[in-house]
Amino acid sequence: LLLFAFFSIGYPEPLKRGDPKQELEEYIENKKAEINPRYRLQYHVIPPVGWMNDPNGFSYYKGQYHLFYQFYPYDSVWGPMHWGHVTSPNLVDWTQQPTALLPEEEMCFSGSAVVDEDTMVLIYTGRLIINVEPFYNETQYLAFSDDGINFEKYEGNPVLTRAPNGSPDFRDPKVWKHGDYWYVVIGSKTEDERGRVLLYRSLDLISWDFLTVLGESSGTMGYMWECPDFFELNGRYVLLMSPQGLEPQGDRYKNTHQTGYIIGNFNYETFEFVPEVDFQEIDFGHDFYATQTSEHNGKRILIAWFGMWEVPHPEDVDGWAGAMTIFRELEMVGDRILMKPVEQMLTLREENVFSGTWSNEVLEFQKTGEIVFNGDLDNVIEILIEGKEGGDQVWIKWDPQTGKVSVNRSGEVRQVEWLPIDSRSWRLFIDSSSLELFCGEGEVVFSTRAYPNGDWKVTNLSPQILSVEAYKLRRSVPE
Ligand code: FRU
């Protein structure tokens, strides 16, 4: 017996030493135990440990939605990029998967995923550090998977090596299929530092032909266009991207970098994109960047990094930083894109914590909640969301004099005009350290991280009674 015990204790499963993927998963598992849970979001995708930025490879494959993300596991600040990975049957319940891409000679920057017959293909930017100016170079890489979990990098990488003008800024490929061809848009810039988006096509995802400059700043639209996306929505074409370097103009462009879209017309024979409506921001909150969309079952769904460059991420001291927004369905009405929470968000509602007329009752939420409210838009509406024991305070306000909705996070104000289409109702989602406000049918949306001490309390400060339904929302992502 003793001998048996000795053998079974003394000879554990042989560890595959030197397997970097397995070592990384073990590291993540161990590190998770050290995380302070106070700000961990409960129904938003967050990194298991470490740092997260852009959404990548948002796609549907073999019955599951796949979302990858820019990931640095070893610290809660940006570092050599990996691709983290989660999957979901329904866009709300997410399961953590093993890290899909690890950096080797290349850091694995942002990119997209497509399904080619039975294979899932990731297309991403490999960023190399080099020892001549400008000390980096960006080219496009592929990785393949037959199960949507294990990815092999293509041995012929990189597949696309140089922007036509030789710019080293050449990143964030977003691929789609149209007819027999794969198309890709890639973010880049001109020699005189104007942001632009390049369009290529390919028959096999490996050999690519440059087609045209799909869009370009005339000088006022920033020095670099990151994370481009291009798609048809309700019969029109949309160039969605994240320009860097827009100068603030009144209420507009108040974040470090912005995300927005140009509506236009496109022709697959001439490859010409003719803009019809000027650039508009797609979300008006403090923390929203680097969007990516995917179409499945006729619905165009958007996801964004619920974060921003060069701002504090107060959860970093807890061992993690960064999150994804909730998933939103897009619709074009007139000359603007509406963003609504995907309908599956309704399945997160648990108990109804308050219902009816809302005057001065304080609504309390243990971490999560959804508040649907209605008021008279001829009158001021004002709601205060704050930590029960201090921390951030966020005022949401409708001002009938200016026709603007504002979100004031502890003094930092973001605001925009709201022209309701039909519905005048508001949907406010709160999670442990975030809020997302959807006005009407998604004409105006604000995504803002906010950090309470303790649980949340929400007070109606309006000089009017509102009607309200409030729910607790269930957890739908791993702790
Ligand atoms: C956008 C971005 C991308 C890049 C990635 C690097 O936030 O700067 O352009 O691929 O992040 O993490």
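Everything below is about the structure printed above this text.
The notes below deal with the structure included here. Just so you know, the residues in each chain are numbered from 1, in the order the chain's sequence is written. In keeping with the predicted nature of the model, local features appear solely for residues at pLDDT of at least 70, side-chain atom pairs appear and are counted solely at 80 or more, and the whole-chain, interface and lining totals rest on all residues. As a rule here, side-chain values come from all non-hydrogen atoms in the structure, and water together with hydrogens is ignored.

What follows is about the pairing of strand β18 (residues 299-305). In terms of burial, β18 is a largely internal element, six of the seven residues being buried. For two strands to pair, DSSP has to find at least two bridges joining them. In this text, helices come from DSSP runs of H or I with a minimum length of four residues, and strands from runs of E with a minimum of two, each type numbered from the N-terminal end. Relative to β18, strand β17 (residues 289-296) runs antiparallel, the two being bridged by six bridges. Bridge assignment links H296 to a residue of β18, and that residue is K299. Counting the residues in the hairpin turn of β17 and β18 gives two residues, including N297, whose phi is positive at 55°. Here's how the labels work: a residue is buried when its accessible area is under 20% of the maximum for its type, exposed when over 50%, partly exposed in between, all with a 1.4 Å probe on protein chains only.

Here L211 is to be found in strand β12 (residues 208-216). For L211, a relative accessible area of 21% gives the class partly exposed. Remark: the alpha-carbon pair of L211 and V342, spanning 131 residues in sequence, is separated by 34 Å. In this description, contact between two residues means that some pair of their heavy atoms is separated by no more than 4.5 Å. The residues contacting L211, other than those within four sequence positions of it, are Y183, L199, Y200, R201 and F271.

Here we have four strands laid out as an open sheet, ordered β5-β6-β7-β8, and antiparallel in their pairing. Two strands in the sheet have a free side with no partner beyond their single neighbour: β5 (107-116) and β8 (152-153). Pairing between strand β6 (residues 119-129) and strand β7 (residues 136-145): 10 bridges, direction antiparallel. If you follow T125 over to β7, its bridge partner there is Q140.

A word on the site of the ligand. By convention in these notes, a residue is near a molecule or strand provided one of its non-hydrogen atoms lies within 4 Å of it. What surrounds the ligand is the set N53, D54, Q70, W78, M81, F109, S110, R171, D172, E226, Y289 and W309. Contacts described as polar in this section are N or O atom pairs within 3.5 Å, which, within protein, must combine one atom able to donate a hydrogen with one able to accept it, while residues neighboring in sequence count only if both atoms come from side chains. Between the ligand and D172 there is a distance of 2.6 Å, counted from an oxygen atom to a side-chain nitrogen or oxygen. Elements represented by at least two residues in the shell around the ligand include exactly β1 (50-61), β5 and β9 (170-178). Three classes are used, and their members are as follows: Ala, Val, Leu, Ile, Met, Phe, Trp, Tyr, Cys and Pro are nonpolar, Asp, Glu, Lys and Arg are charged, and the others, Gly among them, are polar. Among the residues making up the shell around the ligand, the classes are represented as five nonpolar, three polar and four charged.

Here we take up the side chain of Q464. Tracing the backbone shows Q464 in the loop between β32 (456-460) and β33 (466-473). Under the relative-accessibility criterion, Q464 is labelled buried at 13%. Ignoring anything within four residues of it in the chain, the contact list for Q464 reads W358, G375, D376, N379, V380 and I381.

Buried and open spaces are told apart on a 1 Å grid over the protein atoms alone, a cavity being a set of points where a 1.4 Å probe fits but cannot get out and a pocket being an open set with protein on both sides within 12 Å along at least five of seven lines. Residues with an atom within 4 Å of a point are the lining residues. Grid points are joined across faces, edges and corners, and a volume is the space filled by probe spheres set on the points. When its volume is computed, the largest pocket comes out at roughly 670 Å³. Surrounding the largest pocket, 30 residues form its lining, W176, S294, E295, H296 and R300 being those nearest its centre. The set of elements that each furnish at least two residues to the lining of the largest pocket consists of β1, β5, β9, β13 (224-233), β17, β18 and β20 (328-333). Classifying every residue of the lining of the largest pocket by side-chain character gives 14 nonpolar, seven polar and nine charged.

On to a negative patch on the surface. Patches here: salt-bridge-free residues with over 30% relative accessible area, like charges joined within 9 Å, nonpolar side chains (Val, Leu, Ile, Met, Phe, Trp, Tyr) joined within 5 Å. Only the protein chains shown count as cover for residues, and all accessible areas are computed by the Shrake-Rupley method using a 1.4 Å probe. For this analysis, a salt bridge means a side-chain nitrogen from Lys or Arg found within 4 Å of a carboxyl oxygen belonging to Asp or Glu. This count recognises Lys and Arg as positive and Asp and Glu as negative, with His and chain-terminal groups excluded. A single reference atom marks each charge: NZ on Lys, CZ on Arg, CG on Asp, CD on Glu. A surface patch of negative charge is lined by E117, D118, D146 and D147. Mapped onto the fold, D118 is located in the loop between β5 and β6. For D118, a relative accessible area of 52% gives the class exposed.

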